[in-house]
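# Fold and geometry: a report
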Amino acid sequence: MSRTPVMDDLVLRTVERHLPFSVHLDLTYRCNERCVHCYLDHEDYGEMTTAEVKRVLDELAEAGTLFLTLSGGEIFLRQDFFELLEYARALHFDVSLKTNALLINPERAQKLQELGVRKIQVSIYSADPEIHDGITMVPGSLRRSVEAMRLVKSLGLIVTIACPLMKQNLTAYRSVLSLAEELDVPYVLDLTITPMIDGNHSTVNHRVKAQDLLPVLQDSRLNPKLGISPLASVTSDSAVSSGVPLPAESDDLPCSAGHNTCYISPYGEVFPCVQLPVAAGNVRQRKFEDIWYRSPEMRRVESIRESQLTHCGNCSIRSYCERCPGLALMEGGDLMGAYERACEMAELNARLAGVANPVSAFHAFQAVGGLSFQSSKPASTGLISIAPLRA
């Protein structure tokens, strides 16, 4: 979504009126890849039926949603995918897709073009098949994904490459950036590897240490102070998230989650964000608007302000930090607190910007004898259940 004064004004209005402007809907957790860092449980515990998804889309349209991201798992594993996409476009949603693109063939690409999909995001981990396919665990997956991107781009669709960076592909981002330039498509380098959606932290073992990211952050093609590529961007906010960027005028809000964006799982559970696993209700039991406007869990998240955050609210290097409330909960155990990864990255970014000896407020607190509350276990409440509600 382009950042313009008009769009910023529209986003602010949706925050003020608490409208669900942008919704991320996962149609399935099933997938034809087995990426080593994936945060999902790929078993099917009873996905919403075609009729249920259509009813949810009706309720989202009625509530005022404009931007709709359809994702998974792999969306093309739903046999009713094009029926649901056509229904969504008939309701005038601006639709973006997240897919590995392995199942996109000429016929499906033509349908995507005819139905007016705005953007397709595809994860590419390296332009080296050995590295990319080693992460996806599917031989030939790089070739198939790139072929599909070329195909849909030839039909005029907007394609974006997302590259989650981990130990397995730390230096491979350069080849992905070169591939993006060859394809003439935007490229997002994602520095965040998240815990699994059920709170399991095993995926974090693939995360690159903050200090080891220094060469990446100093790359002149990625650092805006050194001459950024017009195609590239780098973020510590996970590419799995589909929240709406907030304008500067909303600087006391941690993020858009629960304010004008939310996430719905394949089982109908509603969350403030895909990275903020505080279950607010289920659309199989309640109307979406009832959950959005009246859920205590959603109201709790909506009420949080930056100035109220433990440690973060008075941190001298807060402007260099990309703290995520969901990761604060999953990694630190406290929705209002700091967490180690965010502090490490903030100090690294501040140092690169020329700040002498930057220390986060949380690290300063620890240095004078404060106890660390960082948890190696999932938060005790609000996480997605292992067996969600069945149809």
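Residues numbered from 1 in each chain as written. Predicted model: local features only at pLDDT ≥ 70, side-chain atom pairs only at ≥ 80, totals over all residues. Heavy atoms only, no water.

## Concerning the packing of aromatic side chains
Following the criterion strictly, the structure yields eight aromatic pairs and no others. Centre to centre, the rings of F81 and F82 are 5.2 Å apart; their planes meet at 70°, and the pair counts as edge-to-face. Exposure remark for F82: the relative accessible area of 16% places this residue in the buried category. Taken together, Y29, Y45 and Y267 form an aromatic cluster joined through their ring pairs. Between the NZ or CZ atom of K111 and the centre of the ring of F82, over which it lies, the distance is 5.1 Å. (Phe/Tyr/Trp six-rings, centres within 6.5 Å; stacked < 30°, edge-to-face > 60°. Buried < 20%, exposed > 50% of the residue type's maximum accessible area, 1.4 Å probe, protein only. Lys NZ or Arg CZ within 6 Å of the ring centre and 35° of its normal.)

## Examining the nonpolar core
Among the nonpolar cores identified, the biggest contains 66 residues, and L68, F81, L112 and I161 are the most heavily contacted of them. Element by element, the count of residues in this core is highest for helix α7 (residues 173-183), at six residues. If we ignore the near neighbours within four places in the chain, the residues touching I161 are V122, I124, M149, V176, L179, A180, L183, V185, P186, Y187 and V188. Among the nonpolar cores identified, the runner-up in size contains 28 residues, and I135, I193, L335 and F362 belong to it. (Core = buried A, V, L, I, M, F, W, Y, C linked by side-chain atoms within 4.5 Å. Helix = DSSP H or I, 4+ residues; strand = E, 2+ residues; numbered from the N terminus. Contact = heavy atoms within 4.5 Å.)

## Digging into the confidence of the model for the chain
Predicted confidence across the chain gives a mean pLDDT of 89, with 88% of residues reaching 70 or more. Here residues 372-391 is a poorly scored stretch, pLDDT under 50, and it has 58 contacts once near neighbours within four places are set aside; other chains count. (pLDDT = per-residue confidence, 0-100.)

## Some words on the pattern of salt bridges
Enumeration according to the criterion identifies 16 salt bridges in this entry. The shortest N-O distance in the salt bridge between R299 and E302 comes to 2.7 Å. Of this pair, R299 and E302 both sit in helix α10 (residues 296-302), separated by three residues, roughly a single helical turn. Residue R299 is classed as partly exposed on the basis of its relative accessible area, which comes to 22%. Through salt bridges that share partners, R30, E47, R78 and D80 make up one connected network. (Salt bridge = Lys/Arg side-chain N within 4 Å of Asp/Glu carboxyl O.)

## Thoughts on unusual backbone geometry
Positive phi is not limited to glycine here, since H18 has a value of about 55°. Overall, H18 belongs to the buried group, its relative accessible area being 8%. Backbone geometry at H92 places phi at a positive 70°, although glycine is not the residue there.

## Some thoughts on the pairing of strand β5 (residues 158-164)
Among the seven residues of β5, six are classified as buried, and the element is accordingly described as predominantly covered. Inspection of the sheet shows strand β4 (residues 119-123) paired to β5 by five bridges, in the parallel sense. Within β5, the position partnered with S123 by the bridge is A162. Taking the sense of rotation as the criterion, the β-α-β connection linking β5, α7 and strand β6 (residues 187-190) turns out right-handed. (Pairing = 2+ DSSP bridges. Right-handed = clockwise from strand over helix to strand, strands pointing away.)

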